[in-house]
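# Working through the structure, step by step
Chain residues, written in single-letter form:
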Amino acid sequence: MQIILHPERTAWAALTERNIPDDAAIAADVAAIVDRVRLEGDAALRDYAQRFDGATLAALEVTAAERRAAAEAVSPEVKGAIAVAAKHIAAFHTAQKPHTVDVCTAPGVRCVQRAVPISRVGLYIPGGRAPLFSTVLMLGLPARIAGCGEVVLCTPQGAGGHIAPEILYAADVCGIKHVYRIGGAQAIAAMAYGTESIPRVDKIFGPGNRYVTKAKQLVSRTVAIDMPAGPSEVLVMADAHAVPAFVAADLLSQAEHGPDSQAILVCDSEAMARNVMAEVETQAARLRRAESVAGSLAKSRIIVLDGIGEMTDFVNAYAPEHLIIATVAPWDVAALVSAAGSVFIGNYSPESAGDYASGTNHTLPTGGWARSFSGVNLDSFMRKITYQELTPDGLATLAPTIVAMAEAEGLDAHAAAVKVRLSRPNSQPHEA
C-alpha cells in the first residue's frame, strides 16, 4: 500500500479513482454473449457452460434430489450460522415494510400510495473461488418478505457437476423454488430475455465479476437491475482512538475479495499510517488468498489528512461501498457523511459483520455510485403505485389550477378533460 501525506485537494480526483480497468474487449465479448443467448436460448447456455465452466449440462434446473443431497452435505455448524444470519436479516428487512399513504390534499381530493411487490425477480450468485451463499440470504429473504411472486436463482456449475451445497441450502432457507446451474454474463442474459428453461424476470439482483457487471448494464435497457456494482471496496476513517490491528484486518478483509478490490485508509497522523502498514504486512502473510490480496493492495492507499473535517470531505468524495468509522464520537462523524453504502460505527463493528449476520444488506453500490444509489433493501423488491379519487366538488375546486396550467403548456385537451366534466355536473354512466 502507498502512504500519501497531506495531499492537496486538487489531487483528490486521482486518489478516489477505482482499480477498474476499462476493457473494450470485455464489453464486446459480453454484447456477443447477450445477443446469442437472446437468439438461441438454452443451446447457447449449454455451449457457454461447457466453454467457460467446463460443465456439460443436461437439465439446466437443479433437481429436488440434488438440493436434498446438498442440504445433507452442509455441516451442522454452517446450518446453525445460516439460521442465525437469516433471523437477523429477516428481522431488519421486515421492519422496513412500507406503510400505505392515504391523504386528502384538498376537500374532495384523495391521494393514495401503495407498495406492491415486483412480480418476477432473478438473483445472480457467483460461484468460483468464493461461493457467496451469504448473498443468497441477502437477496432471497427480502424477496420473500416483499412478497415477490416468482424468484429464480442462477449460479454457475463447475466441472464435475459441482455447485456449493451451501448455496443450494441457503436457497431452501429462503424458499426459492427454482435454481439454475448457469453463471456469467449468459445467466444475466437468460434472466433478462428468457429461454426455453429460464423465465424472463422483471428485475435482476446480485454481484459478479466484470463480465456480469457489464451484462447487467447492457440488459438494463430491457429489464431493471438492482444497481451498478463492481469490485468490492472499503474505506476506514481512523484517528488516535483506532486500533491499528483492527484497521489492518478490515483493509485485508476487502483485499482478499480479489485483485480488483480496493482498500483505503484515511487517518490524521503519519504514526497511525505507519502502524497500520506494519500490521497489514504482518497479517497479510497469514492469509490464504495471497495473490488476490497482493493485487488489491498494490492499488490501495493510506492517506494522511488534516483532521476529521478533511477526512469526512474525502469520504464523501470517494463515496465508499463500506465505510468504517474508528474515531472518537463516531456517530457524530457519521452524521457528516452523505455518501456511503453501509457505515460501520466504532472499533468493534467490522465490515464482515454486515457481510454476514448483523442484519443489514451487503449488496451495496460501488465505484462511487453510493452518491446516488442505496444498497439493496426491501424497497428494492417493491414498486409504488399512486391512486387519486376526486369528487365533483373536489374537481371543481382544482379546475382553475388545472386549466390554467394546461393551457399555459399548450395542452388544450388536458384542459378540456376538466371542462367537459364541469359542464355536465350531474352526468351518470351510460346504461345499455
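Everything discussed here concerns the structure shown above.
Let me begin by describing the structure that accompanies this report. Quantities reported herein were computed from a predicted structural model and do not represent experimental measurements.

### What about the overall build of the protein?
Along the protein, the regular secondary structure elements total 17 helices and 14 strands. Each principal axis of the C-alpha distribution contributes one length, and for the protein these read about 85 × 60 × 45 Å. Of all 432 residues assigned to the protein, the portion counted as buried reaches 46%. Counted over contacts in the protein with a minimum sequence separation of 6, partners at least 24 positions apart contribute 75%. Side-chain charges of the protein comprise 36 positive and 45 negative groups, with the mean position of each set lying 7 Å from the other.

### Notes on the state of the cysteines
A full pass over the atoms with the stated rule returns zero disulfides. Distance from the sulfur of Cys104, which forms no disulfide, to the nearest cysteine sulfur (Cys111) is 8.3 Å. For Cys104, a relative accessible area of 57% translates into the label exposed. Just so you know, Cys174 is unpaired, no disulfide at all, and the nearest cysteine sulfur is the one on Cys148, 12 Å from it. Note on Cys174: relative accessible area 3%, which makes it buried.

### Observations regarding the sheet that holds strand β3 (residues 109-117)
If you trace the three strands from one edge of the open sheet to the other, you get β2-β3-β14, paired in antiparallel fashion. The open sheet terminates on both sides in strands that have one partner only, identified here as β2 (101-106) and β14 (382-390). Mean inter-strand twist for the sheet, computed between neighbouring axes without regard to direction, equals 20°. Pairing analysis gives five bridges linking β2 to β3, with the strands arranged antiparallel. Its bridge partner lying in β3, Val103 is registered against Cys111. Sitting on the sheet, helix α16 (residues 392-408) touches β3 and β14, and the angle it makes with β14 is about 95°.

### Quick word on the sheet that holds strand β11 (residues 301-304)
Across the sheet, six strands lie side by side as β1-β11-β10-β9-β12-β13; this open sheet has parallel pairing. Each end of this open sheet is capped by a strand with a single partner; those strands are β1 (2-5) and β13 (342-345). Taken over all neighbouring pairs, the strand axes of this sheet differ in orientation by 15° on average, direction set aside. Pairing between β1 and β11: four bridges, direction parallel. Note that in β11 the partner of Leu5 across the bridge is Val304.

### A word on the side chain of Thr363
Counting through the fold element by element, Thr363 comes out in the loop between α15 (351-356) and β14. Judged by its relative accessible area of 7%, Thr363 falls in the buried class. Thr363 has contacts with Thr135, Met138, Leu139, Asp226, Met227, Gly375 and Val376, leaving out every residue within four places of it along the chain.

### Structural notes on empty space enclosed by the protein
The method is simple in principle: a probe with the dimensions of a water molecule rolls over the atoms, and the space it marks as empty is what remains. Enumeration over the complete set of coordinates arrives at one cavity of 30 Å³ or more. Every residue along the wall of the largest cavity is listed here: Val236, Phe246, Val247, Asp250, Ile324, Ala326, Gly346, Asn347, Ser349 and Pro350. Secondary-structure elements contributing two or more residues to the lining of the largest cavity are α10 (244-255) and β12 (322-326). Taken together, the residues of the lining of the largest cavity break down into six nonpolar, three polar and one charged.

### Re the packing of helix α2 (residues 24-40) against helix α8 (residues 184-193)
Axis separation between α2 and α8 bottoms out at 9 Å; the angle between their running directions is 45°. Our classification of the angle between α2 and α8 gives oblique. For the crossing formed where α2 meets α8, the hand is right-handed. When α2 is examined against α8, the residues Val30, Ile33, Val34, Val37 and Arg38 are found in contact with a partner set consisting of Ala185, Gln186, Ala189, Ala190 and Tyr193. Of the residues belonging to the contact of α2 with α8, the class tally is eight nonpolar, one polar and one charged.

Conventions adopted
Residues numbered from 1 in each chain as written. Predicted model: local features only at pLDDT ≥ 70, side-chain atom pairs only at ≥ 80, totals over all residues. Heavy atoms only, no water. Helix = DSSP H or I, 4+ residues; strand = E, 2+ residues; numbered from the N terminus. Buried < 20%, exposed > 50% of the residue type's maximum accessible area, 1.4 Å probe, protein only. Contact = heavy atoms within 4.5 Å. Lys, Arg positive; Asp, Glu negative; His and termini not counted. Charge placed at Lys NZ, Arg CZ, Asp CG, Glu CD. Disulfide = S-S within 2.5 Å. Pairing = 2+ DSSP bridges. Axes fitted to C-alpha atoms, helices over the stretch in contact; angles between N-to-C directions. 1 Å grid on protein atoms, 1.4 Å probe; cavity = no way out; pocket = protein on both sides within 12 Å on 5 of 7 lines; lining within 4 Å. Points joined across faces, edges and corners; volume = space filled by probe spheres on them. Nonpolar A, V, L, I, M, F, W, Y, C, P; charged D, E, K, R; others polar. Parallel < 35°, antiparallel > 145°, perpendicular 65-115°, else oblique. Left-handed = near helix turned anticlockwise from the far one by under 90°.

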